[in-house]
2 protein chains.
Amino acid sequence: MEGKVESLWEEVRELTLGTTVDRLQSPPTPLQFLRDFVSQNKPCIISNAIPHWPALSLWSTPSYLSTALSSSLVSLHLTPDGQADALVPHPSQSSLCFVSAHVQPTLFPQALDLIRRPPNHLVAYLQQQNDCFRTEYSELESDCDAHIPWASEALGCLPEAVNLWIGNHLSQTSFHKDHYENLYAVVSGEKHFLLLPPTDVHRMYIKEYPAARYSYSQENGEFRLEFEEPERYVPWSSVDPCPARASLKQESLKFPLYFNGPKPFEVTVKAGEVLYLPSMWFHHVRQSPGDGGCTIAVNYWYDMQFDIKYAYFNFLQSLPCRSIDDQTIPEGDCEDDSGPHASSNHLNSRFSGDESATNNVEIHKDRDNVQVHERTFVLDSSMFV
Amino acid sequence: MEGKVESLWEEVRELTLGTTVDRLQSPPTPLQFLRDFVSQNKPCIISNAIPHWPALSLWSTPSYLSTALSSSLVSLHLTPDGQADALVPHPSQSSLCFVSAHVQPTLFPQALDLIRRPPNHLVAYLQQQNDCFRTEYSELESDCDAHIPWASEALGCLPEAVNLWIGNHLSQTSFHKDHYENLYAVVSGEKHFLLLPPTDVHRMYIKEYPAARYSYSQENGEFRLEFEEPERYVPWSSVDPCPARASLKQESLKFPLYFNGPKPFEVTVKAGEVLYLPSMWFHHVRQSPGDGGCTIAVNYWYDMQFDIKYAYFNFLQSLPCRSIDDQTIPEGDCEDDSGPHASSNHLNSRFSGDESATNNVEIHKDRDNVQVHERTFVLDSSMFV
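Residues numbered from 1 in each chain as written. Chains lettered and ligands numbered in written order. Predicted model: local features only at pLDDT ≥ 70, side-chain atom pairs only at ≥ 80, totals over all residues. Heavy atoms only, no water.

With that settled, consider the overall build of chain A. When helices and strands are counted, chain A shows twelve helices and 19 strands. By residue count, 60% of the 385 residues in chain A fall in the buried class. When the accessible surface of chain A is summed, it comes to about 14600 Å², and 49% of that surface belongs to carbon and sulfur atoms. (Helix = DSSP H or I, 4+ residues; strand = E, 2+ residues; numbered from the N terminus. Buried < 20%, exposed > 50% of the residue type's maximum accessible area, 1.4 Å probe, protein only. Areas by Shrake-Rupley, 256 points an atom, 1.4 Å probe, with all protein chains shown as cover.)

Pasting the structure below:
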């Protein structure tokens, strides 16, 4: 682990992050939250953060939810294996592609049933994002706070989006980052996060993958991969942090910077707790169901500041490493890897009223596109320039 | 100006810094200060920041100061030309050395006289730092606030040091950075700052220079350079941003990254105004006298956070550039370039009670020493790796 980038990974842990995520026993003051966590781009878990939410007791009862949303048509995400916004083998090449879920408008009670009692080869996940909690699930709004008060005061704004997540143990979210400050409140069950700071971007082996989408046939119960037309490439992390035991050695050889570097921060967020997930942190998410047979969470996306930290990150990411894969992609066909919404659920296009955030993201995306030829990666950790 | 480091300089200005320093017409709230400036490592000037200070009216009258401090022995810094903590020609080699002022304990009225009516070839500057306002000038404490209330609340601590500066137009402070959040209040006259963000570290051409000190003889009125024993090297910026007109072209050829890159931020801070100078920003300072014939300022150093921004900075600084000067220095003989106090006025050694700050600076200094062989610089801007 010699080399300058490796020193950065170590130093950010020595100086500020430590080896475990800080846990607060009650909500911080806005100043404390801003000073000790947001300004430092450092995560924390807050216990007893939402004790007054009716959702905490109500949502563990499936019949409560099904009654409240009895006639709501919601966007249900379907995959064969719980891997949406993830890499799967390309059907006609010996490579991988980036696949999004089939999105099926479904009556909520039926969707919840599919999540709680999954049939074979069909994993359902309510994870529409795009501010879905305030649109598709507005009947539940009085069960939660409309925002996290101490976070809103610290960040000086209200959430840009509030999302509801209802899933089961089969669904995972692969490593990605978001251009938002994220307050993630678990209401039922547990969420298991793996976190890596933005300093560790090279350990994610982000590469361009052709974008596809599952198409699910209700007639024969089969999934088909459909590639986007015109062709589009998505920069995505190549690393599966939880490979099958049999392939661990092979994965370690392919992605040594990830598997041989500092361990990711492991965080389990339980019902009633809130995770502050700082902007630009890479996160991988698994989940365990609660009493009602599913995992339920509400997350609040707040605009991030595109400040010196972000400029440093872009600089770091732009540094070339010796390539193991000289694949080049036509400029202009690529998109930013800013979370699952980077594929079809593109939040920014829906929130174009916020000029500052939108403009800043555009700057970033332009740079990403300009630099796409340079984002290729090393085979071992001694090759950094 | 192609290249990745150059893109960083441009992007941090596009995203967050702009082309001029923000000016607030009244003090910010602690949250606003923390969110919009400290967290973003972004400077600002605050007008009407200290209207209630008795110092604002009292200190422009030299007799008031001389009476209040009639029997105070203060540390007067003497140089032949107003350049203390600066580079001067090495007396026995065709290179430069780093020179500190001769420090002469002097009765305050006599010191003030020397500053207000400078004799030939003798420039006096009261700039002891090391918390001098609360020690050498304690008789004046009731004329100012003991701290900047909104800054203390934002930063969650009281100042680590409060310093008084009394000088004339002949004194300059060469480019350097401090490991502190700095609130700089001008009481009389004006201070003229040139500022560069920490992203621009390579533009400072920091190199190791042998440390010397002026020794002033009151008998013959002459200065002699005395080199430190044992030999010690100080990393210092090689750039004089205000060279004589005749040498501008030559200086531009020697330091193209500075002279051809984005202009430094130019800031004039007037009496009654406060500059927030973020930690790790490079600053060069000149001054114009006020009504009393000198420039007077009080600055408050607050502990900085050694967070992800600091780790990114260290990484950036560690990146090697092709060398124009392969000078190597014995390890262990070098010191950190953390402001004028890095030479003899080493604040950290005086404040060793604060474990966290001291430890963090130690980490940094160790890294600086380890990497000293790599901090050599390019001749033109296209040579970055």
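From this point on, the discussion continues.
This next bit is on the relation of the copies chain A and chain B. Mapping chain A onto chain B calls for a rotation angle of 180° and an axial translation of 0.0 Å; the resulting RMSD is 0.0 Å. Within this description, the copies of the chain are treated as partners about a two-fold rotation axis. The position closest to the rotation axis in chain A is occupied by the C-alpha of A:Ser39, lying 2.3 Å away. The residues that chain A uses at the interface reappear at the interface of chain B in 100% of cases, marking a shared surface. (Least-squares fit on C-alpha atoms with pLDDT ≥ 70 in both. Contact = heavy atoms within 4.5 Å.)

Quick look at the sheet that holds strand β8 (residues 123-125) of chain B now. All names here are of chain B. Read from one edge to the other, the open sheet built from three strands follows the order β7-β3-β8, with strand pairing classed as antiparallel. The sheet is open, and its two borders are formed by β7 (102-107) and β8, each paired with just one other strand. Averaged over all pairs of adjacent strands, the angle between their axes in this sheet comes to 40°, without regard to strand direction. Bridge count for strand β3 (residues 73-79) against β8 is three bridges, and the pairing is antiparallel. Bridge pairing links histidine 77 to tyrosine 125 in β8. Contacting β3, β7 and β8, helix α5 (residues 108-116) runs over the sheet at an angle of about 120° to β7. (Pairing = 2+ DSSP bridges. Axes fitted to C-alpha atoms, helices over the stretch in contact; angles between N-to-C directions.)

What follows concerns the side chain of A:Ser174. All names here are of chain A. Positionally, serine 174 belongs in strand β10 (residues 172-176). Polar side-chain contacts of serine 174 include one of 2.7 Å to the backbone oxygen of aspartate 85. At 2.9 Å, the side chain of serine 174 forms a polar contact with the side chain of tryptophan 236. Ignoring anything within four residues of it in the chain, the contact list for serine 174 reads Asp85, Ala86, Trp236, His283 and His284. (Polar contact = N/O pair within 3.5 Å; in protein donor to acceptor, adjacent residues only side chain to side chain.)

Bringing the packing of aromatic side chains into the picture now. Per the counting criterion, the structure on display carries 35 aromatic pairs over all chains. The interplanar angle of 85° and the centroid separation of 5.0 Å between the aromatic rings of A:Phe33 and A:Trp150 together place this pair among those described as edge-to-face. Of this pair, A:Phe33 sits in helix α2 (residues 30-38) while A:Trp150 sits in helix α7 (residues 149-155), and the two are 117 residues apart along the sequence. Take A:Phe33: its relative accessible area is 0%, and that puts it in the buried class. Looking at A:Trp150, the relative accessible area reads 9%, which means it is buried. Among the aromatic residues, those joined into a cluster by ring pairs are A:Tyr125, A:Trp165, A:Tyr184 and A:Phe193. Across from the ring centre of B:Trp9, 5.3 Å away, lies the NZ or CZ of B:Arg203, which sits over that ring. (Phe/Tyr/Trp six-rings, centres within 6.5 Å; stacked < 30°, edge-to-face > 60°. Lys NZ or Arg CZ within 6 Å of the ring centre and 35° of its normal.)

Residues and elements named next belong to chain A. Bridge count for strand β5 (residues 86-89) against strand β6 (residues 96-100) is four bridges, and the pairing is antiparallel. Bridge pairing in β6 places alanine 86 opposite valine 99. Counted between consecutive antiparallel strands, the loop separating β5 from β6 contains six residues.

Attention shifts here to the interface of chain A and chain B. Every contact between the two is made by 42 residues of chain A and, on the other side, 42 residues of chain B. Between chain A and chain B, the buried area comes to about 4000 Å², and carbon and sulfur atoms account for 63% of it. Area buried by chain A at its contact with chain B is led by A:Lys4, A:Tyr312 and A:Phe315, which between them contribute 19% of it. At the surface where chain A touches chain B, the tally comes to zero salt bridges. Linking chain A with chain B are twelve residue pairs in polar contact (both at pLDDT 80 or more), by the criterion used here. It is helix α10 (residues 308-318) of chain A that provides the largest number of residues to the side of chain A that touches chain B, a total of ten residues. Within the side of chain A that touches chain B, the residues separate by chemical class into 21 nonpolar, eleven polar and ten charged. (Buried area = accessible area lost by both parts, 1.4 Å probe. Salt bridge = Lys/Arg side-chain N within 4 Å of Asp/Glu carboxyl O. Nonpolar A, V, L, I, M, F, W, Y, C, P; charged D, E, K, R; others polar.)

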